[in-house]
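The primary structure of each chain is shown beneath.
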Amino acid sequence: MMKHITLSALLLLAGVGTQAQVVFESDLESWTDGLPDDFMGAKTSLEPDSIIQVSDNPHGGTSAVRLVNTPTVSGDHKRFTTQPMTVVAGQPYEITFWARGNGQVRFAMFDERAGNGYSSYSNWTPVSGDWQELTFSVTGAMNSDIGEFIISVYSTVGPEHVVIDDVTISLGEILPPVEATIQEIQETTDISGNSPLMDQGVITGGIVTAVVNNGSTMGYWIQNNAGAWNGIFVSDATNVPALGDSVTLTATVQENFGLTRLNTVLEYTVVSSGNALPAASTITTAEANTEAYEGVLSEVVNVECVLLPNTFGEWTVLQGIDSLIVNDLMYAYTPTLGTLYSVTGPINYAFGNFSIEPRDINDIELGNSIGEFAGVTVTLFPNPANTVMTLDLGGLTGRTEYTLHDATGRVVASDVVTQDRGTIDVSALTNGAYVMTLRNSTGARWSTQVIVQH
């Protein structure tokens, strides 16, 4: 039994009331030297022996193509591309094909656009069982005479793997973009987090709050106001604004593996420069892990480092029971385990996780040392300290003493605290990390790291 699957709302409706103009059509009937004549463009990465002509159960005609790529990690995908053709900037294209078997497929295009030349891929879509019709859409970003349309596969399972037949690419209708604020683009009640303007061309703008250009990720965050729903990432490898630039642009709203972003920037204008940035929103780690703050310049305060950077440069902070990843798209920092930090940056979403993205060293500060000790909340500040630190025992009763150890374990200061609040002179200590330990007559003990920085 055949079934029809529409993978996403089309960027633009193709052929409403008229016949859509077809720019490519292949029924996989013509083969030369064991390879399909209409495919095998320069961007094809499947090996020839993984591209197999099959005559059993084609969707139409007498043959189809079987694509074999068995690795189960999506990063090990392989491309099956059309022969080169002319593509046009700003033109939406719709590809429809039939697939059966067992595996994962997605779609993209190559058009020499800035960056690596490729569009973003659609989400992976499973193929399972008998023939099903799949429809994807993409918009050209550059005029190119060597454009290629890409069907990408991975995790194919024999004996069928992924079999494809009857591929058609048509021109979509170019609809005018709509004017929308960032909040109108971002705010959603959809449980998936998808924008209400997904796949729509928009005219919008805001103040640039962060810029990333690390080779693999290129773009910037813009924001209208402080607060939830007011920030968004712009994927743009062509324009490089400065912090504080007020920009307007025409782009497409895209959902990219859970991240709402603006893509395919067709028009871009710097209205003014040197503007004050919207204030960072002070939020909890729980709020940082929500759709509402995606793209928003935010700050999490007094969060504890509980995991050091992994191989991807991500480290983890904790506040209560809610953790948050601190990522290194723009700035890599090596934290100290167990230390409190305040971190500022836009909230991002990638690989199934929210993260905060500090822009430079100024976005990472050591937090006040706050903890539970003998049933009360104690605070040690400032941290780092220059000349003196203040110890607030929060009304704790009973004898309390402190010791301060350096990195070698040597005691460099100690005393008995006789008041609820007192000061500790650190002016004679060398710069570096120390451990402060409190002990109370009740037997309670509490330690925290402090930094001396003159």
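What counts as what
- Residues numbered from 1 in each chain as written.
- Predicted model: local features only at pLDDT ≥ 70, side-chain atom pairs only at ≥ 80, totals over all residues.
- Heavy atoms only, no water.
- Helix = DSSP H or I, 4+ residues; strand = E, 2+ residues; numbered from the N terminus.
- Buried < 20%, exposed > 50% of the residue type's maximum accessible area, 1.4 Å probe, protein only.
- Contact = heavy atoms within 4.5 Å.
- Areas by Shrake-Rupley, 256 points an atom, 1.4 Å probe, with all protein chains shown as cover.
- Lys, Arg positive; Asp, Glu negative; His and termini not counted.
- Charge placed at Lys NZ, Arg CZ, Asp CG, Glu CD.
- pLDDT = per-residue confidence, 0-100.
- Phe/Tyr/Trp six-rings, centres within 6.5 Å; stacked < 30°, edge-to-face > 60°.
- Lys NZ or Arg CZ within 6 Å of the ring centre and 35° of its normal.
- Pairing = 2+ DSSP bridges.
- Axes fitted to C-alpha atoms, helices over the stretch in contact; angles between N-to-C directions.

Participant: Explanation requested: the overall build of the protein chain in the structure shown.
Facilitator: Counting its secondary structure elements, the protein chain contains two helices and 34 strands. Along the first, second and third principal axes, the C-alpha set of the protein chain runs to 90 × 50 × 35 Å. For the protein chain, the residues scored as buried account for 49% of the 454 residues in total. Across the protein chain, contacts joining residues at least 24 apart in sequence account for 67% of those joining residues at least 6 apart. For the protein chain, the computed accessible surface area is about 20100 Å², with 50% contributed by carbon and sulfur atoms. Distance between charge centroids for the protein chain: 11 Å, based on 15 positive and 49 negative side chains.

Participant: I'm lost on the confidence of the model for the protein chain in this one. Help?
Facilitator: A low pLDDT means the predicted coordinates there should not be read in detail. The pLDDT averaged across the protein chain works out to 89; a share of 95% of its residues lies at or above 70. Considering only residues more than four positions removed or in separate chains, one finds that residues 1-18, a stretch of pLDDT under 50, has 43 contacts.

Participant: Help me out: how do you make sense of the environment of Phe354 in this one?
Facilitator: Tracing the sequence through the fold places Phe354 in strand β25 (residues 353-356). According to the relative accessible area criterion, Phe354 is buried, its value standing at 11%. Distance in space between the C-alpha atoms of Phe354 and Thr285 is 9.9 Å, their sequence separation being 69 residues. In contact with Phe354, not counting residues within four places along its chain, are Ala288, Asn289, Thr290, Glu291, Glu294, Leu324, Ile325, Ile347, Asn348 and Tyr349.

Participant: How should the environment of Thr217 be read in this particular structure?
Facilitator: Considering the arrangement of structural elements, one finds Thr217 in the loop between β15 (201-213) and β16 (218-223). Using a relative accessible area of 22% as the deciding quantity, one classes Thr217 as partly exposed. When the C-alpha atoms of Thr217 and Pro196 are compared, they prove to be 25 Å apart, with 21 residues separating the residues in sequence. Contacts of Thr217, omitting those with residues within four sequence positions, involve Val212, Phe233 and Leu329.

Participant: When you look at unusual backbone geometry in this model, what are you seeing that I'm missing?
Facilitator: The phi torsion of most residues other than glycine is negative, and most of the peptide bonds are trans. Following Gly158, the chain continues into Pro159 via a peptide bond in cis, with omega recorded as 5°. For His161, which is not glycine, the phi dihedral falls at a positive 55°. With respect to the helices and strands, His161 occurs in the loop between β12 (144-154) and β13 (162-171). The backbone phi angle of Thr264 is positive, close to 55°, even though this residue is not glycine. For Thr264, the position within the fold is in strand β19 (residues 259-272).

Participant: Just checking my understanding: could you explain the packing of aromatic side chains for this structure?
Facilitator: Each aromatic ring pair is characterised by the separation of its centres together with the angle its planes make. If you walk through the whole model with that rule in mind, you get 15 aromatic pairs. Taken together, a centroid distance of 6.2 Å and an interplanar angle of 5° make the contact between Phe107 and Phe149 stacked. With a gap of 42 residues between them, Phe107 in strand β9 (residues 92-113) and Phe149 in strand β12 connect regions that are remote in the sequence. Like Phe149, Phe107 is buried. Here Tyr333 and Tyr341 contribute two aromatic rings whose centre-to-centre distance is 5.8 Å and whose plane-to-plane angle is 80°, an arrangement assigned as edge-to-face. Since its relative accessible area comes to 1%, Tyr341 is described here as buried. Looking at Lys43, its charged tip hangs above the ring of Phe110, at a distance of 4.4 Å from the centre. A cation over an aromatic ring shows up here: Arg106 above the ring of Tyr121, its NZ or CZ 3.8 Å from the ring centre.

Participant: I would appreciate a short explanation of the sheet that holds strand β27 (residues 369-373) in the present structure.
Facilitator: Within a sheet, each strand pairs with its neighbour through backbone hydrogen bonds, oriented either parallel or antiparallel. Taken together, the four strands give an open sheet; going across it, the order is β27-β28-β29-β32, and neighbouring strands pair in antiparallel fashion. This sheet does not close on itself; its edge strands, each paired only once, are β27 and β32 (421-425). Along the sheet, successive strands turn relative to each other by an average axial angle of 20°, direction set aside. Pairing between strand β28 (residues 376-381) and strand β29 (residues 388-392): three bridges, direction antiparallel. Bridging from a neighbouring strand, Leu380 pairs with Leu391 of β29.

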